[in-house]
2 protein chains.
Amino acid sequence: MTKLPSHVQRARRPEHKELRLASILEAARSLALEKGVRGVTLTDIAQAAGLHKSAVLRYVETREEIYLRLTAEGWTEWASALRAALGERTDGTVDELAEALSRTVVDQPLLCDLLSHVALHLERHVSAEAVLTYKLAALAALDDMAQACARFLPALDEPAARELVSAVSLLAGALWQISHPPEALARLYAEEPRLAHAVVDLLPRLTGSARALAVGLTA
Amino acid sequence: MTKLPSHVQRARRPEHKELRLASILEAARSLALEKGVRGVTLTDIAQAAGLHKSAVLRYVETREEIYLRLTAEGWTEWASALRAALGERTDGTVDELAEALSRTVVDQPLLCDLLSHVALHLERHVSAEAVLTYKLAALAALDDMAQACARFLPALDEPAARELVSAVSLLAGALWQISHPPEALARLYAEEPRLAHAVVDLLPRLTGSARALAVGLTA
């Protein structure tokens, strides 16, 4: 990546700080999409952003804070994609809702990858303030989606819709990891017929579970 | 832990090797129950088993293989606890099934903790042979549970029962991590009323989702 001009590198003005932070987040996003969240270090991110590691730490607390910020962004984008997919309709079906909810999260591979890392890693290596900022953004997106789902499918009330979205987010995270195995495991899946049942096709599997949950929660 | 007698320490005979492996697994189990899977190193396990790290590596490939073996054991125990809970009945209800399925996994905190680590960590640091052994044990337990569920609740066919058990296992893993936050996050939950919705009570939450899934899958 080309280095920024030196007046930006110093980043003394607020708008330059914003620019610097954005370039750090962008580097972290590209690297995670390329090789998976697990494999990206703070040093990788600093290099890709054209900065020293110590400079990166002037803008963020830890590697985990960077990915927690990207998870919050992912939730917000998921909510807005879902709103766009459901539109203004109030006569939706369970099948349509399950399909829209699953597709809009699967469309965001970085969010899917990040969802499993949040409780296991990301929330454990940041300040209380950073966790709070993340949680409030995720909860706002969850509320927003629950409202949109309940409006689209009036048989689903808002608390039930919140349960639905929350369960779909957890399943999306877990299923994403299973459906993106490391190379050695992918080879094993391909070669070993006894593992046929262990292979997961993310979107249909998630949509099936989302549909069952939505049926159960409206019953 | 007291050291084993020296003739066992050398573990030249097959029965001594079994004993040694069992003591390594037992040490790993106790440590994980005490401080969580994430926090246990191979050095911790070796110390607790009264062995040198190099000696441990004569019995297992890696720290991750130890925990993958314990996850396989956990699946088998879950299946047998579920069979015991469902008995010979063929007139079960969705509520009873959801309760039994959720309770029998929540009763195994080590399995719940391990479930999130499998795809994210454990399967990535062992040989193909170790993954295959694990997968076959987990799939056998899943089949066993699917049969038991379909027998208990005949409206649920076996493929649907397999989907139910699989989704409940993924949710149990994800919800366990969220409901066992680190100390700093637990404090934040207690102090911050805006996070009320983020607090998860594991058994009722899992039972609710299991019930919705079971209703949807029998509909």
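In this text the structure is predicted, and so the values were computed from the model without any measurement.

1. Description of the UniProt feature "DNA-binding region" (unreviewed entry) in chain A
Inference 1: The positions UniProt marks with the feature "DNA-binding region" (unreviewed entry) are residues 41-60 of chain A.
Inference 2: Helix makes up 55% of residues 41-60 of chain A and strand 0%, whereas the separation of the span's terminal C-alpha atoms amounts to 14 Å.

2. Thoughts on the side chain of His117(B)
Inference 1: Within the secondary structure layout, His117(B) lies in helix 7 (residues 109-120).
Inference 2: A relative accessible area of 3% means that His117(B) is categorised as buried.
Inference 3: Not counting chain neighbours up to four residues away, the residues in contact with His117(B) comprise Leu120(A), Val37(B), Arg38(B), Leu122(B) and Gln177(B).

3. With respect to the interface of chain B and chain A
Inference 1: Listed as interface residues are 44 residues of chain B and, on the opposing side, 44 residues of chain A.
Inference 2: When chain B packs against chain A, close to 3700 Å² is buried across both sides, 73% of that on carbon and sulfur atoms.
Inference 3: Counting the surface chain B buries against chain A, the share from its top three residues, Leu120(B), Arg124(B) and Leu170(B), is 17%.
Inference 4: At the surface where chain B touches chain A, the tally comes to zero salt bridges.

4. Some points on the domain arrangement of chain A
Residue and element names in this part refer to chain A.
Inference 1: According to the domain assignment, chain A contains domain 1 (1-60) and domain 2 (63-218).
Inference 2: Spacing between the C-alpha centres of domain 1 and domain 2 amounts to 27 Å.
Inference 3: Contact residues are listed per partner, giving 16 residues for domain 1 and 13 residues for domain 2.
Inference 4: Summing both partners gives a buried area of about 1300 Å² for domain 1 against domain 2, and 65% of it is carried by carbon and sulfur.
Inference 5: Among the residues of domain 1 in contact with domain 2, Leu25, Arg29 and Val37 are the three that bury the most area, contributing 42% of the side total.
Inference 6: Connecting domain 1 to domain 2 are one salt bridge.
Inference 7: Where domain 1 meets domain 2, there are six residue pairs in polar contact (both at pLDDT 80 or more).
Inference 8: Of the residues forming the side of domain 1 that touches domain 2, the biggest block, seven residues, is contributed by helix 2 (residues 14-35).
Inference 9: Residues belonging to the side of domain 1 that touches domain 2 are distributed by class as follows: 12 nonpolar, two polar and two charged.

Thresholds, definitions, all that
Residues numbered from 1 in each chain as written. Chains lettered and ligands numbered in written order. Predicted model: local features only at pLDDT ≥ 70, side-chain atom pairs only at ≥ 80, totals over all residues. Heavy atoms only, no water. UniProt positions renumbered as here; feature names shortened; annotations may be inferred. Helix = DSSP H or I, 4+ residues; strand = E, 2+ residues; numbered from the N terminus. Buried < 20%, exposed > 50% of the residue type's maximum accessible area, 1.4 Å probe, protein only. Contact = heavy atoms within 4.5 Å. Buried area = accessible area lost by both parts, 1.4 Å probe. Salt bridge = Lys/Arg side-chain N within 4 Å of Asp/Glu carboxyl O. Domains from an automatic or database assignment. Polar contact = N/O pair within 3.5 Å; in protein donor to acceptor, adjacent residues only side chain to side chain. Nonpolar A, V, L, I, M, F, W, Y, C, P; charged D, E, K, R; others polar.

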